[in-house]
Amino acid sequence: MIAVNRVNLWTAGILLALAAAAWYLAAASFGPMAMMELSIPIYMATWLTMMVAMMFPAVAPVVVTFARVAHARHEASLTVPAFVAGYLGVWTAAGLIPLALYLSSRGMVAGMSASPPGAVAIGAVLFVAGIYQFTPWKATCLRACRSAIGLVMNHDFRTGAPGAFRAGASHGAYCLGCCWALMAVLIVVGLMSLPVMAALTVLFVAEKNWRYGAGLSRVAGATAAVGGLAVVASALI
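Residues numbered from 1 in each chain as written. Predicted model: local features only at pLDDT ≥ 70, side-chain atom pairs only at ≥ 80, totals over all residues. Heavy atoms only, no water.

## Things to note about the overall build of the chain
Inference 1: Tallying secondary structure elements over the chain gives ten helices and zero strands in all.
Inference 2: Walking the chain from its N terminus toward its C terminus, one meets helices and strands in the order α-α-α-α-α-α-α-α-α-α.
Inference 3: In the chain, which comprises 237 residues, the proportion classed as buried is 45%.
Inference 4: Counting only contacts in the chain whose residues sit at least 6 apart along the sequence, the fraction spanning at least 24 positions is 83%. (Helix = DSSP H or I, 4+ residues; strand = E, 2+ residues; numbered from the N terminus. Buried < 20%, exposed > 50% of the residue type's maximum accessible area, 1.4 Å probe, protein only. Contact = heavy atoms within 4.5 Å.)

## Things to note about the packing of aromatic side chains
Centre-to-centre distance and the angle between the planes together describe a pair of aromatic rings.
Inference 1: Counted by the stated rule, this structure contains four aromatic pairs.
Inference 2: Ring centres 5.3 Å apart and planes at 75° place the aromatic pair Trp210 and Tyr212 in the edge-to-face group.
Inference 3: Classification of Trp210 as partly exposed rests on a relative accessible area of 43%.
Inference 4: Accessibility expressed as a relative area gives 48% for Tyr212, which makes it partly exposed. (Phe/Tyr/Trp six-rings, centres within 6.5 Å; stacked < 30°, edge-to-face > 60°.)

## Details of the packing of helix α2 (residues 40-72) against helix α4 (residues 96-104)
Inference 1: α4 packs onto α2 with a crossing angle of 145° between their chain directions and a minimal axis gap of 11 Å. Crossing of α2 over α4 shows right-handed handedness. Residues Ile40, Tyr43, Met44 and Trp47 of α2 touch α4, and the partners they reach there are Leu96, Pro98, Leu99 and Leu103.
Inference 2: For the contact of α2 with α4, a count of residues per class yields eight nonpolar, no polar and no charged. (Axes fitted to C-alpha atoms, helices over the stretch in contact; angles between N-to-C directions. Left-handed = near helix turned anticlockwise from the far one by under 90°. Nonpolar A, V, L, I, M, F, W, Y, C, P; charged D, E, K, R; others polar.)

## As for the side chain of Lys208
Inference 1: Along the chain, Lys208 falls in helix α9 (residues 194-209).
Inference 2: Glu207 is the oppositely charged side chain nearest to the buried, salt-bridge-free Lys208, at an N-O distance of 5.9 Å.
Inference 3: In contact with Lys208, not counting residues within four places along its chain, are Met55, Ala58, Leu142, Cys145, Arg146, Cys175, Cys178 and Cys179. (Lys, Arg positive; Asp, Glu negative; His and termini not counted. Salt bridge = Lys/Arg side-chain N within 4 Å of Asp/Glu carboxyl O.)

## A closer look at the nonpolar core
Inference 1: Met55, Phe56, Phe83, Trp91, Cys179, Met183 and Phe204 are the most contacted members of the largest nonpolar core, which totals 57 residues.
Inference 2: Broken down by element, the residue count for this core peaks at 18 residues, all from α2.
Inference 3: For Phe56, the contacting residues outside a window of four places in its chain are Leu15, Leu18, Ala19, Met51, Val84 and Leu88. (Core = buried A, V, L, I, M, F, W, Y, C linked by side-chain atoms within 4.5 Å.)

## Focus on the side chain of Thr65
Inference 1: You can see Thr65 is positioned in helix α2.
Inference 2: Judged by relative accessible area, which is 10%, Thr65 ranks as buried.
Inference 3: Polar contacts involving the side chain of Thr65 include one to the main-chain carbonyl oxygen of Pro61, which spans 3.0 Å. (Polar contact = N/O pair within 3.5 Å; in protein donor to acceptor, adjacent residues only side chain to side chain.)

Laid out in structure tokens, this is it:
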């Protein structure tokens, strides 16, 4: 029992320490920088820092459960880092999508909020993100994110680190399916907006771990949809 508690504390502590370090880097380095000022390597480093800061607090309970079972099978030292690497790999790949949009638009998306068409686009993203919170796809992904036991039961521990990497990537895919729409809001509002990052982090932690998280997800969806309509209306008036 003591060994299990030690695994829980160490795993959660490392994840939260990494998240805290990422938040420090975000506050110290991002600031008012515009996306147009970033090179591709700096952008990817920025994106990965954001993912660690925002997602590690939300995914910590799942990783702790995974580590506890892996420890019981005497393979935690290899499989837990592999699981986290698989999870981050999915989110890193997802970061290529906004990068491609930025490059294909020649940087125009970086300042699109300054024009009425840009405001309409932002409002549309908010509305779509809000509606997505009510879809069956969101519900399916959120259930998977909230079920740490389901993840462990579906993982083949006989395959060691490669299996753990696949399990982490699988969980990352569900997490991406759960959160992509609201992450799109962050991208169009401001990739390095610390207040929006903080608000979404709290939402992600709550909807994945709080008893009433599913209901909160719908409240957030309604708020985003109404806000999106308001932004579009104000831009067209």
